[in-house]
Amino acid sequence: MLAEHNAKPESFSSHESLSLKSDNPLIWPLLTLLQGQHQSWKVHHLASALQAKGLMHDLDPLPEKDLFKRNFLLMNALFELQSMLLPKQWLQVQAMDIKICRVLPHDIVHQQQHDEALKNYYLDWQHYDTCANVVKEMLESFWSSYHEYIGANQQLMHDSHALRIFELNETATDKDIRKQWRKLALKLHPDRPDGDAEQFRQVCEAWQTLRSKAG
């Protein structure tokens, strides 16, 4: 819990916000849950499932603020994932009805317009208030839970090797790196129909090396 941290709470700087925006720790566990069970989820059920896996930390000593921050992280990750899955799949993001649809709805443009204001709100990290180190801890928990894919020995590889795995060269920008990480991870994630656990592990290891450059 935040109250257990000795460090003084700090607000997000623009650098930290950008880094978090590019790497919400809940995106990939949520994909696993949504792909693993073809059902409609409620946001609080997703939160409970993630908490059971040790991927949802206490975010604030005040219960009402803790609930808001959990909801914010979940909705942020869901809307990020929604954009990533298009145009092949549609992730319906409604608090009480969350599911991946293999067929895009006929009124998808209307749905996107209807949800635009809500989506923009949850994708803006300025609306989220907590210590940066708490979310960093969540990231560490996420990577630890993926040890079966990324290996127990998480030594960083050389930058040039990581870039080759990402099919990029030394001129790649931060934006290029983030974009390629999302593309490859989504394609190779073991819970995807054509996923590949070994290649996903390599991409995860490469991202561990390059993500500090994509902040």
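Note that this is a predicted model, so its numbers are computed, not measured.

**Student:** How would you sum up unusual backbone geometry? Please name residues and give values.
**Tutor:** Here the bond from L86 into P87 is cis, since omega is 10°, no more than 30 degrees from zero. With respect to the helices and strands, the residue P87 is situated in the loop between α4 (63-85) and β1 (90-94). In this model, E167 sits at a positive phi of 60°, which is unusual for a non-glycine residue. Relative to the helices and strands, E167 resides in the loop between α8 (159-165) and α9 (174-188). For E167, a relative accessible area of 61% puts it in the exposed group.

**Student:** Just give me the short version of a positive patch on the surface, but keep the residues and values in it.
**Tutor:** A cluster of basic side chains, namely K88, K175, K179, K183 and K187, defines a positive patch on the protein surface. Using a relative accessible area of 69% as the deciding quantity, one classes K88 as exposed.

**Student:** Explain the packing of aromatic side chains to me, and be specific about the residues and the numbers.
**Tutor:** With the rule as written, the count across this model stands at 10 aromatic pairs. Here Y121 and Y122 contribute two aromatic rings whose centre-to-centre distance is 5.1 Å and whose plane-to-plane angle is 90°, an arrangement assigned as edge-to-face. Here Y121 falls in the partly exposed class, since its relative accessible area comes to 30%. Residue Y122 is classed as buried on the basis of its relative accessible area of 11%. Three or more aromatic residues link up through ring pairs in this structure, and these residues are F68, F72, F79, Y121, Y122, W125 and Y128.

**Student:** Can you lay out the side chain of N24 for me, pointing to particular residues and giving the numbers?
**Tutor:** Positionally, N24 belongs in the loop between α1 (14-21) and α2 (27-36). Polar contacts involving the side chain of N24 include one to the main-chain amide nitrogen of L26, which spans 2.9 Å. A distance of 2.7 Å separates a polar atom in the side chain of N24 from a polar atom in the side chain of N76.

**Student:** Any chance you could break down the pattern of salt bridges for me, citing the residues and the numbers?
**Tutor:** Here the structure, examined in full by the defined rule, presents seven salt bridges. The shortest N-O distance in the salt bridge between E198 and R201 comes to 2.3 Å. Placement of the pair is E198 and R201 together in helix α10 (residues 197-210), with a separation of three residues, close to one helical turn. What makes E198 partly exposed here is its relative accessible area of 40%. As a salt-bridge pair, E205 and R201 come within 2.8 Å of each other at their nearest N and O atoms. Taken together, the residues E205 and R201, both in helix α10 and four residues apart, mark about one turn of the helix.

The rules behind these values
- Residues numbered from 1 in each chain as written.
- Predicted model: local features only at pLDDT ≥ 70, side-chain atom pairs only at ≥ 80, totals over all residues.
- Heavy atoms only, no water.
- Helix = DSSP H or I, 4+ residues; strand = E, 2+ residues; numbered from the N terminus.
- Buried < 20%, exposed > 50% of the residue type's maximum accessible area, 1.4 Å probe, protein only.
- Patch = residues over 30% accessible without salt bridge, like charges linked within 9 Å, V, L, I, M, F, W, Y side chains within 5 Å.
- Areas by Shrake-Rupley, 256 points an atom, 1.4 Å probe, with all protein chains shown as cover.
- Salt bridge = Lys/Arg side-chain N within 4 Å of Asp/Glu carboxyl O.
- Lys, Arg positive; Asp, Glu negative; His and termini not counted.
- Charge placed at Lys NZ, Arg CZ, Asp CG, Glu CD.
- Phe/Tyr/Trp six-rings, centres within 6.5 Å; stacked < 30°, edge-to-face > 60°.
- Polar contact = N/O pair within 3.5 Å; in protein donor to acceptor, adjacent residues only side chain to side chain.

Interpretation note: all reported values are geometric properties and have no functional meaning in isolation.
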